[in-house]
Structure formats: C-alpha cells, structure tokens
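Residues per chain are reported as follows:
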Amino acid sequence: MTRITWQGQRYELQEGETVLEALLRIGASVPYSCRSGVCQTCMMRAVAGDPGEASRHRLSEEQRARGAFLPCICHPQTDLELAPMQDELPIMATTVVSKTPLGDVLRLRLAPRKPISFRAGQFINVHAEDGVVRSYSIASVPTLDDGVLELHVRRLPDGRVSTWLHEVLREGDELCVQGPLGECCYVLGETQRPLLLIGTGSGLAPLWGILRDALHNGHTGPIYLYHGSRDAEGLYLHDELCALEAMRPEQFHYIPCVSGPNVSPDCRSGRASDAALADHSKLTGWRVYVCGHPQMVEETRRSVFLAGARIADIHTDAFTLSR
Ligand SMILES: Cc1cc2nc3c(=O)[nH]c(=O)nc-3n(C[C@H](O)[C@H](O)[C@H](O)COP(=O)(O)OP(=O)(O)OC[C@H]3O[C@@H](n4cnc5c(N)ncnc54)[C@H](O)[C@@H]3O)c2cc1C
C-alpha cells in the first residue's frame, strides 16, 4: 500500500486513487481545477519519494529540478512526502476593464495592475470567489492590445465560475489570475507556411489571438480558420472575422460552420473539423492549431496527423472541464 505524507500526517492511497483525490478525500485544502494535468493549479513538490514521470513530463526542467509534479495525474509507486510549491505561479491582480456579451460568450477584458508577459493563445488561471480556479485562454496580443488580457468565457448551464463571471463580476472589480501557461501560440519565423486553425465554441479565443499575432508578425502564408458551432448565434466573432477576411481576401479565409439544422447560406453545414479535413486532405508542411471541446481536439489531432501534419506542428488546447 502506497502512502502520502501531508502536513506531518501519513495517509494511505486507495486503489486507483490519484494523489489529488486522496488529498481531497482527507479534507486537505488544496487548489485544483482541470484534474487532467493541464492547468497546473494543483502543482506540488515531492520532498521524498518518486511521483513518477507521468506526473512531471509537462513541467519545465526547472520545475522538475525542484521536485515539482502534478498530483491530479499522479499514481505513485513509492511513498511520497508532499510540500506546497508556494512561490510558483504568483497570483496577480487585474482590473475588469470591460464585459461585452456576445450571445452565450462573454468577452472579458482585464488590465493587469503590473505588466504581465504573455503570448496570445496561452491561458491563465482565474481565481473566482471562494478560491475556485478555472483556466481561460488569452485572445489578445500584448503589443496590439496594450497588455490587456482578453478572455472569451462561454456560459455553461450551472457552471460555477462561468456563471459568476457572466453575472456577478462587474467592470472595475479586481480579479486575480495566475499564469500565463501553455504553448499553443503562433511560432515566430517560417512566415510563409500555411496555417490551419480549427475551433469549436469559445475555442475561438486562442485562435483569434494566434491569428492576429500571425498577421502582426508579418505572416505571408495562407491562413484558414474554421469556427464551428451548433447554431449561428455561437459564431460570436462572425462580423469581425468577415471584416478581416475582406481586408486580406488573398491570404485569410474564414469558414463558419454550423452543425445544427438551421444553416444560413454564408455558413457551411456540419462540424468545423470535418469541413477543414474535407477541404485540406494533405497537410504536409502545414502548421495546425486545434482548440475547444476535448473530444473534438483529440479526434482532430489524430486526423490532421494522418493527413500529413508533423506532430511538432500540431498545437492544441483542450478545454477540459473540472469534474
Ligand atoms: C487550458 C484550458 C483553457 C480553457 N479555455 C477556455 C476559454 O477560453 N473559454 C471557456 O469558455 N472555457 C475555457 N476552458 C474551460 C474552463 O476552464 C471551465 O472549465 C469552464 O468555464 C467551466 O467552468 P465552470 O466553473 O463554469 O463550470 P463547472 O462548475 O466546472 O461545470 C462545468 C459543466 O460540467 C457540469 N459538471 C460539473 N461537474 C460535474 C460532475 N461532477 N458531473 C457531471 N457534470 C458536471 C456542469 O453542470 C457544467 O455544465 C478552458 C479549460 C482549459 C483546461
């Protein structure tokens, strides 16, 4: 039986349990969010014992050297003594500059009180009331948007944080964030390469940032953006994307896709990923970005790889929900 030591007390791990699950079972007050090794909210240090490679492989060399691991995906084979990370990922204060409802999606702009270094397409962890943490992708480009963090938050039925952000948070309020994290960003250089961007729902957030970052950095290759939604209402940046396409008709192609029954003549019928793969069946040499619903991201990652895109050229952000 494997045991963990937390705050001087020793506890047995139950069959199949992760370290995070054990901590929550014993009532430990530890922050967490995605529970799938993405957001890093629950990151800890192992001061004794081996948490195993699987719980560390997404961390930087520096974090690993300090004993960091992710308890939410950790099934240790040896006893572990745990300690908090503390100084990792400092919490930073921002001010809510504006809230703009775009159908079910809230465009939220936050001004950091001290400048934050970030790239469009990364994500931040938002600390809501009662210490609940959720991740949101960054849709803004620091140099184009005066360092403001723009988030696109889709309201989920009974969703704790998304409902709070939509309904309770006010302009002028303080909102604390951690980060940035993630590497789903425009890759500088190789400006002539074709880019394929595929997103569902608020999965458009990082893609909107990556698209503007690419154009701002002088990208010359063609860029195709497929945005999918069940209905036309969910194509929440339709007008802005059409306007951008009209400005660069040779280079930028926006393909709105509706998977539900009411499809207007200017939209494609069906799923965004299906439309993208139907139009581009050979992706050798392309750089591909896929963001949004986790199952769509996983399936599309496989499909674009089979269509010829190199693993290193496939960038994804799965919007995993907390359980
Ligand atoms: C890297 C990353 C980036 C992300 N970026 C974005 C983004 O840009 N925009 C965005 O809108 N979202 C994004 N997300 C998702 C976001 O972090 C939140 O998960 C989302 O907003 C829902 O949080 P919530 O607190 O509102 O909902 P929760 O309270 O977490 O509930 C989520 C939904 O699941 C259901 N649910 C919750 N718990 C259970 C359970 N135990 N059993 C069954 N059903 C349950 C709820 O009814 C609800 O519909 C991202 C996630 C990740 C990991």
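Predicted model only: the values in this text are computed from it and were never measured. Throughout, a residue's number is its position along its own chain's written sequence, starting from 1. pLDDT decides what is reported in this predicted model: residues at 70 or higher carry local features, side-chain atom pairs at 80 or more are listed and counted, and totals for whole chains, interfaces and linings draw on all residues regardless. The basis for the side-chain values is all heavy atoms of the structure; hydrogens and waters are excluded.

### Observations regarding the site of the ligand
Lining the immediate surroundings of the ligand are 24 residues, of which Arg134, Ser135, Tyr136, Val161 and Ser162 lie closest. At a separation of 2.9 Å, an oxygen atom of the ligand approaches a polar backbone atom of Arg154. Measuring from an oxygen atom of the ligand, one finds a side-chain N or O atom of Ser202 at 3.0 Å. Within the residue set of the shell around the ligand, elements represented by two or more residues are β9 (133-137), β10 (149-154), α3 (160-167) and β17 (314-318). Taken domain by domain, the shell around the ligand gets at least three of its residues from each of domain 2 (91-181) and domain 3 (195-318). Each residue is tested against the molecule or strand, and it is near if at least one of its non-hydrogen atoms lies within 4 Å. N or O atoms closer than or at 3.5 Å make up a polar contact, with two conditions inside protein: a donor-capable atom paired with an acceptor-capable one, and, for residues adjacent in sequence, both atoms drawn from side chains. Strands here are runs of E lasting at least two residues and helices are runs of H or I lasting at least four, both read from the DSSP assignment and numbered beginning at the N terminus. Residue ranges assigned to the domains are those given by an automatic or database domain assignment.

### Concerning helix α4 (residues 204-216)
By this rule, a helix spans an expected 1.5 Å times one less than how many residues it contains. Helix length check: α4 (13 residues) gives 18 Å between terminal C-alpha atoms against 18 Å at 1.5 Å per residue, within 8%. Categorising residues by exposure relies on relative accessible area from a 1.4 Å probe, with only protein chains included: less than 20% of the type maximum marks a residue as buried, more than 50% marks it as exposed, and the intermediate range marks it as partly exposed. Most of α4 sits out of view: 12 of its 13 residues are buried. Buried residues of α4: Leu204, Ala205, Pro206, Leu207, Trp208, Gly209, Ile210, Leu211, Arg212, Asp213, Ala214 and Leu215, and no others.

### Section: the sheet that holds strand β13 (residues 223-229)
Strands sit in the order β15-β14-β13-β12-β16-β17 across an open sheet of six strands; the sheet is parallel. Lying at the two open borders of the sheet, with one neighbouring strand each, are β15 (268-269) and β17. In this analysis, strands are considered paired if DSSP registers two or more bridges between them. Relative to β17, strand β16 (residues 287-292) is paired through five bridges, and the arrangement is parallel. Each residue of the ladder has a partner; that of Gly292, found in β17, is Ala318.

### As for the pairing of strand β3 (residues 44-48)
Relative to strand β4 (residues 68-69), β3 runs antiparallel, the two being bridged by two bridges. The partner of Arg45 across the bridge, within β4, is Ala68. Where β3 meets strand β5 (residues 80-84), four bridges bridge the pair, whose relative direction is antiparallel. Bridged to Arg45 within β5 is Ala83.

### Quick word on the side chain of Ser273
Along the chain, the position of Ser273 falls in helix α6 (residues 272-279). For Ser273, a relative accessible area of 6% gives the class buried. What makes two residues a contact is simply this: any of their non-hydrogen atoms within 4.5 Å. Excluding its chain neighbours within four sequence positions, the residues that come into contact with Ser273 are Ile198, Met296 and Thr300.

### Some details on the environment of Ser33
Mapped onto the secondary structure, Ser33 falls in the loop between α1 (19-25) and β3. With 92 residues separating them in the primary sequence, Ser33 and Asn125 have C-alpha atoms 8.7 Å apart. Those residues in contact with Ser33, other than ones at most four positions away along the chain, are Cys39, Thr41, Val133, Arg134, Ser135 and Ser322. From its side chain, Ser33 meets the backbone oxygen of Val133 in a polar contact 2.7 Å long.

### Comments concerning the domain arrangement of the protein chain
Accessible area lost on assembly of the parts is the figure often given for the size of an interface. Partitioning the protein chain into domains gives domain 1 (3-84), domain 2 (91-181) and domain 3 (195-318). A straight line from the C-alpha centre of domain 2 to that of domain 3 covers 23 Å. Across the contact, 18 residues belong to domain 2 and 13 residues belong to domain 3. Summing the contributions of domain 2 and of domain 3, the shared interface buries around 1400 Å²; its carbon and sulfur component is 55%. Accessible area, probed at 1.4 Å, shrinks when two parts are joined; the buried area is that loss added up over both. Counting the surface domain 2 buries against domain 3, the share from its top three residues, Arg107, Leu144 and His152, is 29%. Salt bridges, as used here, are contacts in which a Lys or Arg side-chain nitrogen is within 4 Å of a carboxyl oxygen on Asp or Glu. One can count three salt bridges joining domain 2 with domain 3. Inspection of the region where domain 2 meets domain 3 yields six residue pairs in polar contact (both at pLDDT 80 or more). For the side of domain 2 that touches domain 3, the elements supplying multiple residues, two or more each, are β7 (105-112) and β10. Looking at the side of domain 2 that touches domain 3, the element that brings in the most residues is β10, giving three residues. Classification convention: Asp, Glu, Lys, Arg as charged; Ala, Val, Leu, Ile, Met, Phe, Trp, Tyr, Cys, Pro as nonpolar; all other residues, Gly among them, as polar. Each residue belonging to the side of domain 2 that touches domain 3 can be placed in one class, and the counts come to eight nonpolar, five polar and five charged.

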